[in-house]
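Okay, here's what each chain looks like letter by letter:
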Amino acid sequence: MDFLSKAARKSPWLYRINAGSCNGCDVELATTACIPRYDVERLGCQYCGSPKHADIVLITGPLTARVKDKVLRVYDEIPDPKVTVAIGVCPISGGVFRESYAIEGPIDRYLPVDVNVPGCPPRPQAIIEGIAKAIEIWAKRA
Amino acid sequence: MAFLKILLDNLRKGPATEAFPFGEATTPDAYRGKVTFDETSCVGCNMCEHVCAGGAIRFSEKEDGLHFLIWHNTCISCGLCAHYCPTKAIKLSNNWHLSHLQEEKYEQVDHAVVPYRECTSCGKRLQPGGPMLHQLAFKGANPRSERLMNMCPDCRRKVSYIGEAV
């Protein structure tokens, strides 16, 4: 088991949650992972499809009223310990949707966020920088 | 056998992956990143606050001057503020290193004060134009315009129409 936790420390799996994002940040996240120019997998992490496999959660979008319960439910399925990264200005402050009737965010009212990556959307390098910070936190928690 | 040529080319060119975060990342000069503010050229027209799409900019009038606040966590880097700023006091730098830990979330603010000055003639409080506006309005320095610049609108009118008697 010691070996497994050591290995997990070096290879966190990423999971994306779209909390009502416009898809701009999601495109940048896909770019960060899929385009050889940025290649986030150099840092030892990879995207996974199931919340139960996730270590680092990347949340985009301002947490719309309609999607709030679903996001919280998916978030609860991710096993502890986990590191939460808010991608884009929307989950951090609401961005241009701030104070709208359809918005429940900022997301740190409901979830414990660890790293914020502001931008609209943040460029892939900025996302990699944020993920690098999340991996540092993950290494302490795992 | 065309693939051999591609293989050789790729060997010669090296990896396409950017070195970041292990090295420096390339950033275009025109990249719209963190907003910078120069309080010496701001004329206090509040246009940036008016056009700000995310409502990230706030001006407030206080005793010592005009207080400027920008929340980088609400700024969407659209560049409207820089586009509409008459004196180019507000600009978007190509600094994109904005990611931070949650503990630092409420420190992502820049604050500046555009100080008020006193009218050189009557001592009334006034919003200074600054050298940048002077340059824009009069196309270069000129002693008369510089003198008028430091006066309140009332005194300026008197000097302009009645003459130098004031």
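Let me begin by describing the structure that accompanies this report. On a predicted model such as this, the values are computed, not experimentally measured, just so you know.

## Remarks on the pairing of strand 4 (residues 83–87) of chain A
Taken residue by residue, a regular strand's side chains alternate between the two faces of the sheet. All names here are of chain A. For strand 4, the tally of buried residues reaches 5 of 5 residues, placing the bulk of the element in the interior. Burial of strand 4 is two-sided: the residues V83, V85 and I87 facing one way and the residues T84 and A86 facing the other way are all buried. Bridge count for strand 3 (residues 56–60) against strand 4 is 5 bridges, and the pairing is parallel. Bridge assignment links V57 to a residue of strand 4, and that residue is T84. After leaving strand 3, the chain enters helix 3 (residues 68–77) and then returns to the sheet as strand 4, a path that is right-handed.

## Here we look at empty space enclosed by the protein
Residue and element names in this part refer to chain B. This structure, assessed with the given rule, holds 2 cavities of 30 Å³ or more. If you add up the space inside the largest cavity, you get close to 90 Å³. Around the largest cavity, the lining is made up of 14 residues, and of these C52, C75, I76, C78 and C81 lie nearest the centre. A breakdown of the residues in the lining of the largest cavity according to their chemical character gives 11 nonpolar, 3 polar and no charged. In this structure, the second largest cavity occupies an estimated 70 Å³ of space. Along the wall of the second largest cavity there are 13 residues; nearest its centre are C42, C45, C48, C85 and P86. Taken together, the residues of the lining of the second largest cavity sort by class into 10 nonpolar, 3 polar and no charged.

## What to know about the sheet that holds strand 4 of chain A
Taken in spatial order, the 6 strands line up as 2(A)-1(A)-3(A)-4(A)-5(A)-5(B) in an open sheet, and their pairing is mixed. The open sheet terminates on both sides in strands that have one partner only, identified here as strand 2 (46–47) of chain A together with strand 5 (100–101) of chain B. In this sheet, strand 5 of chain B lies alongside strand 5 (residues 115–117) of chain A in antiparallel orientation, the contact comprising 2 bridges. Within strand 5 of chain B, the residue paired with N116(A) across the bridge is H100(B). Strands in contact with helix 3 of chain A are strand 1 (13–18), strand 3 and strand 4 of chain A; relative to strand 1 of chain A, the strand with the most contacts, it is inclined by about 165°. Each of strand 1, strand 3, strand 4 and strand 5 of chain A together with strand 5 of chain B touches helix 5 (residues 124–141) of chain A; the most contacted strand, strand 5 of chain A, lies at about 175° to it.

## Let's talk about unusual backbone geometry
Cis geometry marks the peptide bond from D80(A) to P81(A), where omega comes out at -5°. With respect to the element layout, P81(A) can be found in the loop between helix 3 and strand 4. Backbone torsion omega between G105(A) and P106(A) reads 5°, so that peptide bond is classified as cis. Counting through the fold element by element, P106(A) comes out in the loop between helix 4 (89–93) and strand 5. The residue N46(B) is not glycine, and still its phi comes out positive at about 65°. Mapped onto the secondary structure, N46(B) falls in the loop between strand 1 (35–37) and helix 2 (47–51). The phi torsion at S77(B) lies on the positive side, around 55°, for a residue other than glycine. Residue placement: S77(B) occurs in the loop between strand 3 (65–71) and helix 3 (80–84). A residue is classified by how much of its surface remains accessible, and S77(B), at 14% relative accessible area, is buried.

What counts, and at which threshold
Residues numbered from 1 in each chain as written. Chains lettered and ligands numbered in written order. Predicted model: local features only at pLDDT ≥ 70, side-chain atom pairs only at ≥ 80, totals over all residues. Heavy atoms only, no water. Buried < 20%, exposed > 50% of the residue type's maximum accessible area, 1.4 Å probe, protein only. Helix = DSSP H or I, 4+ residues; strand = E, 2+ residues; numbered from the N terminus. Pairing = 2+ DSSP bridges. Right-handed = clockwise from strand over helix to strand, strands pointing away. 1 Å grid on protein atoms, 1.4 Å probe; cavity = no way out; pocket = protein on both sides within 12 Å on 5 of 7 lines; lining within 4 Å. Points joined across faces, edges and corners; volume = space filled by probe spheres on them. Nonpolar A, V, L, I, M, F, W, Y, C, P; charged D, E, K, R; others polar. Contact = heavy atoms within 4.5 Å. Axes fitted to C-alpha atoms, helices over the stretch in contact; angles between N-to-C directions.

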